[in-house]
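One-letter residues, chain by chain:
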Amino acid sequence: MPLGGPRAMTVYRTLPQKQRSLIGAWCFLDHYGPDDVSKSLGMAVPRHPHTGLQTVSWLFTGAIDHMDSAGFKATVRPGELNLMTAGYGITHSEFSTKDTTVLHGAQLWVALPEHARNMEPTFESYRPEPLTGPGWSLSVFLGNRRGAAERAGLDVVELRGPHP
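The name given to the chain in an unreviewed UniProt entry is Pirin family protein, with the source organism recorded as Glutamicibacter creatinolyticus. The UniProt entry for the chain carries the following comment under Sequence similarities (unreviewed entry): "Belongs to the pirin family."

Given below as structure tokens:
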């Protein structure tokens, strides 16, 4: 589906689908790009609401400006993991930055557990220091790998370079 109108970029919704409607707490998995957005609208998603969920955004290339009703403003960049927790309710907008030429990323949508559905909205950004080796880099966003800071009991890892 087009994200932000017919001249904007296409988003592929991997979940849900007919064969698999839900996997645990992950209620949606969206993937977009890599798209050349230098001559199009790119990502152009005006203010819209969310309640009772959390979005986990992960960019590979490009940059996106995020602004929301809780007062959070951020430019989402590659190498970061960004968490927007809607809680009892938030509205937000997402627009690719003017200097973005190629936009590529993924977004997971998490159904919040009942005890967190009415919490205050938040926005957090994690930019870990990557572990590197000859021809590869490893970023640990949540969890622990070779002494990387532990933030939660979940591991989310990005590996770039040749795979063994």
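Colleague: Is there a simple way to think about the packing of aromatic side chains in this case?
Modeller: The geometry of an aromatic ring pair is captured by the separation of the ring centres together with the interplanar angle, meaning the angle of the planes. Tallied over the full model, the rule gives 2 aromatic pairs. When the ring of W58 is compared with that of F60, the centres are 5.9 Å apart and the planes differ by 40°; the resulting orientation is tilted. By relative accessible area, which is 17% here, W58 ends up buried. Ring centres of F72 and F123 lie 6.4 Å apart, and the angle between their planes is 35°; on these two criteria the pair is classed as tilted. In this pair, F72 sits in the loop between β6 (64-68) and β7 (73-76) while F123 sits in strand β11 (residues 122-126), placing the two residues 51 residues apart along the sequence. The class for F72 is partly exposed, based on a relative accessible area of 29%. When its relative accessible area of 13% is taken as the criterion, F123 is described as buried.

Conventions and cut-offs
Residues numbered from 1 in each chain as written. Predicted model: local features only at pLDDT ≥ 70, side-chain atom pairs only at ≥ 80, totals over all residues. Heavy atoms only, no water. UniProt positions renumbered as here; feature names shortened; annotations may be inferred. Phe/Tyr/Trp six-rings, centres within 6.5 Å; stacked < 30°, edge-to-face > 60°. Buried < 20%, exposed > 50% of the residue type's maximum accessible area, 1.4 Å probe, protein only. Helix = DSSP H or I, 4+ residues; strand = E, 2+ residues; numbered from the N terminus.

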